[in-house]
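Structural overview for review
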Amino acid sequence: MPDTATPVLIIDDEAHLRITAGQTLDLAGYTPEAFDSAEAALATLAPDFPGVIVSDIRMPGMDGMTLLREVRSRDPDLPVILVTGHGDISTAVEAMREGAWDFLEKPFAGDRLVEMVRRGIEKRRLSLENRRLKAELDAQQSAPGPRLVGRTQAMQHLASMIQRISQVETDVLLYGETGVGKDLVARSLHERSSRGGQPFVAINCGAIPESIIESELFGHEKGAFTGAMERRIGKFEHANDGTVFLDEIESMPLALQVKLLRVLQERFVERLGANEPIPLNIRVIAATKADLKAAAEDGRFREDLYYRLNVVTLPIPSLRERREDIPLLFQHFAVVAANRSGLEAPPLTATDISVLLAHDWPGNVRELRNLAERFVLLGAAYDYRLDALLEGADVGASELALPQQVELFEKSLISQSLASHRGRIHDICVHLGLPRKTLYDKLKKYALKPEDYRQAAHD
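These numbers were taken from a predicted model, which means no experiment stands behind them.

Take the overall build of the protein chain next. Assigned secondary structure in the protein chain consists of 20 helices and 14 strands. A globule of 459 residues ought to have a C-alpha radius of gyration of about 23 Å, yet the protein chain, at 29 Å, is considerably larger. Along the first, second and third principal axes, the C-alpha set of the protein chain runs to 95 × 50 × 40 Å. Burial statistics for the protein chain: of 459 residues in total, 47% are counted as buried. Long-range pairs, those at least 24 residues apart, make up 72% of the contacts in the protein chain between residues at least 6 apart in sequence.

If you want it as structure tokens, here you go:
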């Protein structure tokens with residue numbers, strides 16, 4: 001269904017052609033605005049104009065080619081459709097080389113004009129959405145700490161806890177499934193704290209061989225063991241005044257857990273082969289995907305270390321616990337991938353959103369990010385089908401009953417429209433094909449506030 005809030009500028013010095021084109025687009029559901037000169041149309045052209053321009057080439061004063069160059073100098077992504085005279089192929093070729101979106105040859109059929117405008121508006125919508133997301137991404141990158149994307153209550157609570165905990169000098173235990181972003185939360189805690197300008201040292205306890213992990217963490221002196229040819233500063237000492245992030249803490253060998261407990265309690269470290277303790281001023285953030293309390297009860301993890309780490313525990317929600325954030329997250333990752341690759345992030349269709357919401361996401365955010373990157377890089381080869389890019393996963397499998405899936409889908413579509421139209425109620429009603437009262441009822445039902453999206457557009 002055409003978006004009746006989207007304007008189409010019609011520029012022609014002949015009144016009957018302006019009227020005919022305007023009536024055709026009006027009947028098709030668009031909002032035509034007619035001008036008898038390019039100069040008059042340009043005077044009304046605002047930044048981020050959401051529509052397209054249809055202009056005759058041969059006009060007194062500023063002609064269509066000059067208009068095209070002026071529009072592209074202002075906004076190279078704004079589609080301009082030029083109308084050429086019969087048989088004027090050379091002019092049409094030149095127009096396409098200059099960056100025209102397409103051209104129409106007089107006389108043209110009304111349905112051809114409507115189809116060309118429809119495609120141009122879809123292209124414009126995509127360009128503006130990517131522009132908005134890129135601007136949001138730039139703003140996020142300039143803000144302190146990594147970006148936590150999400151509008152669900154679970155993510156709002158997590159963001160609030162991160163802000164609160166980051167200001168307190170205490171060790172933290174992060175708990176969550178594989179791929180939920182524990183490393184991102186750890187960096188966010190560090191960069192928002194008073195230690196933000198100091199080292200952040202990440203250690204994957206499950207990736208370092210047990211034979212060298214003690215040397216990696218605590219360092220060693222020259223000659224401390226066979227092969228120790230020179231002094232080595234350990235990770236803890238290197239992180240002095242900053243933060244140590246111990247990922248997969250459940251994988252740390254039991255023998256080393258005793259020494260880690262001592263470091264956490266005394267804030268001193270001794271290099272292997274040395275007798276002098278080195279004082280540490282560090283914050284320790286540990287992360288685990290396992291239930292450490294259960295592991296301690298089973299003898300797989302030291303109980304005293306568990307209680308020492310468990311000063312503040314911060315659970316990280318899985319994607320299943322915040323399904324409504326999935327389309328927003330996907331778009332975020334798609335824009336990041338598009339920026340990195342120089343490609344354009346395709347828009348999400350209603351079918352795409354349905355696929356995203358139905359999948360169970362065992363790999364959580366990491367799996368979603370990988371899919372978004374494949375969507376940008378390989379989507380054309382798969383005809384932009386998300387279900388095909390999910391590599392044969394059972395996209396229909398879901399723990400949610402059908403009514404819950406329908407509600408999630410509806411809420412996600414409304415949230416997407418709120419973001420795309422920056423909280424403008426009229427535009428959202430048109431885009432979704434809903435009466436104003438119905439939209440307000442659904443906003444109330446899903447606790448969605450248009451002012452939040454208007455504010456986000458200005459931040």
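To continue, consider empty space enclosed by the protein. For the structure on display, the rule yields two cavities of 30 Å³ or more. Each pocket or cavity is described by its volume, and for the largest cavity that value is around 90 Å³. What lines the largest cavity is simply I10, I11, D12, L17, A21, V54, S55, D56, V83, K106 and F108. Mapped by element, the contributors of at least two residues to the lining of the largest cavity are β1 (7-11), α1 (15-27) and β3 (52-56). Here the element with the most residues in the lining of the largest cavity is β3; it accounts for three residues. Looking at the lining of the largest cavity, its residues break down into seven nonpolar, one polar and three charged.

Here we take up the packing of helix α6 (residues 153-166) against helix α7 (residues 182-191). One way to put it is that α6 packs onto α7 with a least axis distance of 8 Å and a crossing angle of 40°. It follows from the interaxial angle that α6 and α7 lie oblique. The way α6 lies across α7 gives a crossing that is right-handed. Facing α6, whose interface residues are L158, I162, I165 and S166, α7 presents V185, S188 and L189. Tallied by class, the residues present in the contact of α6 with α7 amount to five nonpolar, two polar and no charged.

On to the packing of aromatic side chains. The relation between two aromatic rings is expressed through the spacing of the ring centres and the mutual angle of the planes. If you walk through the whole model with that rule in mind, you get four aromatic pairs. Centre to centre, the rings of F218 and F236 are 5.8 Å apart; their planes meet at 35°, and the pair counts as tilted. Of this pair, F218 sits in helix α8 (residues 213-218) while F236 sits in helix α9 (residues 235-238); the two residues are 18 residues apart in sequence, bridging distant segments of the chain. According to the relative accessible area criterion, F218 is buried, its value standing at 4%.

Across the sheet, five strands lie side by side as β2-β1-β3-β4-β5; this open sheet has parallel pairing. Each having just a single partner strand, β2 (31-35) and β5 (102-105) make up the two edges of the open sheet. When strand polarity is set aside, the average angle formed by the axes of neighbouring strands in this sheet is 20°. As paired strands, β3 and strand β4 (residues 80-84) are joined by four bridges and run parallel to one another. The partner of D56 across the bridge, within β4, is V83.

Either a parallel or an antiparallel arrangement is found when strands of a sheet pair, and the pairing is made through backbone hydrogen bonds. The strand order β7-β10-β13-β6-β14 describes an open sheet built from five strands, whose pairing is parallel. Only two strands of the sheet have a single neighbouring strand rather than two, namely β7 (200-204) and β14 (313-315). Ignoring strand direction, the axes of neighbouring strands in this sheet form an average angle of 20°. Two strands pair when backbone bridges link them, and strand β10 (residues 243-247) and strand β13 (residues 283-288) are joined in this way by four bridges, in the parallel orientation. Each bridged residue has a counterpart across the sheet, and for F245 the counterpart in β13 is I285.

This part is about the pairing of β1. Within β1, five of the five residues are buried, which leaves it mostly tucked inside the rest of the structure. The side-chain alternation of β1 yields two buried faces, one formed by P7, L9 and I11 and the other by V8 and I10. Relative to β2, β1 runs parallel, the two being bridged by five bridges. Looking across to β2, one finds that V8 is bridged to P32. Judged from the four bridges that link them, β1 and β3 form a sheet pairing that is parallel. By the bridge assignment, I11 is partnered in β3 with S55.

The next thing to look at is unusual backbone geometry. Following K106, the chain continues to P107 via a peptide bond in cis, the omega torsion being -15°. Even without being glycine, D241 reaches a positive phi, approximately 75°. Here D241 lies in the loop between α9 and β10.

For the rest of this paragraph, the subject is the environment of P362. Here P362 is to be found in the loop between α14 (350-358) and α15 (364-378). For P362 and I162, which are 200 residues apart along the polypeptide, the C-alpha to C-alpha distance reads 24 Å. What P362 contacts, discounting residues up to four positions off in sequence, is T178 and E367.

Parts of the prediction with low pLDDT should not have their coordinates interpreted in detail. Averaged over the protein chain, the pLDDT score is 85; the fraction of residues at 70 or greater is 91%. Contacts from residues 392-397, a stretch scored under 50 in pLDDT, to residues over four places away or in other chains number eleven contacts.

Thresholds, definitions, all that
- Numbering of residues begins from 1 in every chain and follows the order in which that chain's sequence is written.
- Residues qualify for local features only when their pLDDT is at least 70, as the model is predicted, and side-chain atom pairs are given and counted only at 80 or more; totals for whole chains, interfaces and linings, by contrast, use all residues.
- For side-chain calculations, the full set of non-hydrogen atoms in the structure is used, while hydrogens and water are omitted.
- Helix and strand assignments follow DSSP, with helices taken as H or I runs no shorter than four residues and strands as E runs no shorter than two, numbered in order from the N terminus.
- Atoms counted for the radius of gyration: C-alpha only. Globule rule: 2.2 Å times the number of residues to the power 0.38.
- When accessible area is computed with a 1.4 Å probe and restricted to protein chains, residues below 20% of their type maximum are described as buried, those above 50% as exposed, and intermediate ones as partly exposed.
- Note on contacts: a residue pair qualifies if any of its non-hydrogen atoms lie within 4.5 Å across the two residues.
- A cavity here means a set of points on a 1 Å grid, drawn over the protein atoms and nothing else, where a 1.4 Å probe fits but cannot get out; a pocket is an open set with protein on both sides within 12 Å along at least five of seven lines, and a residue lines either one if it has an atom within 4 Å of a point.
- Grid points are joined across faces, edges and corners, and a volume is the space filled by probe spheres set on the points.
- Three classes are used: nonpolar for Ala, Val, Leu, Ile, Met, Phe, Trp, Tyr, Cys and Pro, charged for Asp, Glu, Lys and Arg, and polar for all others, with Gly counted as polar.
- The axes are straight lines fitted to the C-alpha atoms, using for helices just the contacting stretch, and the angles between their N-to-C directions are given from 0 to 180°.
- These descriptions rest on fixed angle ranges, namely under 35 degrees for roughly parallel, over 145 for roughly antiparallel, 65 to 115 for roughly perpendicular, and the rest for oblique.
- Working rule for handedness: look at the near helix, and if it is turned counterclockwise from the far one by less than a right angle, call the crossing left-handed; if clockwise, right-handed.
- When the centres of two rings from Phe, Tyr and Trp lie within 6.5 Å, Trp using its six-membered ring, the rings pair. Their planes under 30 degrees apart give stacked, over 60 give edge-to-face, and anything left gives tilted.
- Two strands qualify as a pair provided that DSSP identifies no fewer than 2 bridges between them.
- The score called pLDDT rates the predictor's confidence residue by residue, from a low of 0 to a high of 100.

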